[in-house]
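Below are the chains, spelled out letter by letter.
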Amino acid sequence: MQRPDWAPETIDVERPSVARMYDYYLGGSHNFAVDRAAARAIVAAVPQAPLMAQANRAFLRRAVQFLTAAGIRQFLDIGSGIPTVGNVHEIARRHAPDSRVVYVDVDPVAVAHSREILAGDAGTTVVQEDLRHPDRILTHPDVRAVLDFSRPVAVLVVAVLHFVADDDRPVEVLRALRAALAPGSYLVLSQASDDGRDEAERAEPEEVYRRTDNPLWIRSRAELTGFFDGFELVDPGVVWVPQWRPETPESAEDAERAVFVGGVGRLGG
């Protein structure tokens, strides 16, 4: 296929990307035919896939609103994805104009577009790095230029952990992030869950994602709860994402259809 002007030369336009597939689910335009084909295969197997992405995005919005109300003004969004309407800095600054945000993603398209959008914004920066290497994120000079880790920071790892294999030691990754945070910091997590789903419901989506660079590692609600080790969970705990502080009771109906579970934890001390 012909490479669009916005696609860096370094990326493989013939291999689907989970970031670009997510962009497609959200109605974005920064995806290729191979991404759309893979995303449609997921939708054929899991018709609620676009709903899942939208519900997860809405959870992110509500979590950021909660965090700004709690006094947080610094955000580290790891696995931020391709920019769409309602990015973390946009949400946070509606409530706290002095909010500072660092976006981190491993996908070069996501990074390139984030840098284009945020050019000239001194309160934000974008870093191309991998969640599985938290030390590189935490010591990156661009991260340190924007965030002051002696003060509370909210770390957002939203719709990312299901692409981190158990062999990549996600518990240790999150422990390393926690060790860098000041008391009063927060952790926001969400990921796809297999609670209430049989093997047949899982098989086809897992097969589609095996054709990408990021196969799926679906986990239970109990497993995600364990990832908050060292943090005090904020009510209502780890739940289906539409159930996390819904704006209306109706928006939490049939919440398990969203497939994602999520929660927010606070670091005491």
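That block above? That's the structure.
Before going into details, it helps to say that this report is about the structure given with it.

1. Overview of helix 8 (residues 170–179)
For step 1, the next point in the chain: All of the buried residues in helix 8 are Pro 170, Val 173, Leu 174 and Leu 177. The buried residues of helix 8 occupy one face: seen down the axis, they fall within an arc of 90°.
For step 2, the next point in the chain: In the core, the buried residues of helix 8 are packed alongside strand 1 (74–78), helix 6 (134–139), strand 4 (154–158) and strand 5 (186–192).

2. Side note on the packing of helix 3 (residues 49–69) against helix 4 (residues 88–95)
For step 1, the next point in the chain: It is the contact of helix 3 with helix 4, at a shortest axis distance of 9 Å, that shows an interaxial angle of 40°. It follows that helix 3 is oblique to helix 4 by the angle criterion. You can see that helix 3 and helix 4 cross each other, and the crossing is right-handed. Side by side, helix 3 and helix 4 meet where Leu 60, Arg 61, Val 64, Gln 65 and Thr 68 of the first sit next to Val 88, Ile 91, Ala 92 and His 95 of the second.
For step 2, the next point in the chain: The class makeup of the residues in the contact of helix 3 with helix 4 is five nonpolar, three polar and one charged.

3. A look at the packing of aromatic side chains
For step 1, the next point in the chain: Counted under the stated rule, the structure contains three aromatic pairs.
For step 2, the next point in the chain: When the ring of Phe 66 is compared with that of Tyr 186, the centres are 5.9 Å apart and the planes differ by 85°; the resulting orientation is edge-to-face. With a gap of 120 residues between them, Phe 66 in helix 3 and Tyr 186 in strand 5 connect regions that are remote in the sequence.
For step 3, the next point in the chain: For Phe 66, a relative accessible area of 18% gives the class buried.

4. A closer look at the nonpolar core
For step 1, the next point in the chain: Counting residues in hydrophobic clusters, the biggest one holds 45 residues, and the most contacted among them are Leu 67, Phe 75, Leu 156 and Val 264.
For step 2, the next point in the chain: For this core, the leading source of residues is helix 3, giving ten residues.
For step 3, the next point in the chain: Discounting residues that sit within four places of it in the chain, Leu 67 has contacts with Ile 72, Phe 75, Ala 154, Leu 156, Tyr 186, Val 188 and Val 264.

Conventions adopted
- Residues numbered from 1 in each chain as written.
- Predicted model: local features only at pLDDT ≥ 70, side-chain atom pairs only at ≥ 80, totals over all residues.
- Heavy atoms only, no water.
- Buried < 20%, exposed > 50% of the residue type's maximum accessible area, 1.4 Å probe, protein only.
- Helix = DSSP H or I, 4+ residues; strand = E, 2+ residues; numbered from the N terminus.
- Arc of directions from axis to C-beta.
- Contact = heavy atoms within 4.5 Å.
- Axes fitted to C-alpha atoms, helices over the stretch in contact; angles between N-to-C directions.
- Parallel < 35°, antiparallel > 145°, perpendicular 65-115°, else oblique.
- Left-handed = near helix turned anticlockwise from the far one by under 90°.
- Nonpolar A, V, L, I, M, F, W, Y, C, P; charged D, E, K, R; others polar.
- Phe/Tyr/Trp six-rings, centres within 6.5 Å; stacked < 30°, edge-to-face > 60°.
- Core = buried A, V, L, I, M, F, W, Y, C linked by side-chain atoms within 4.5 Å.

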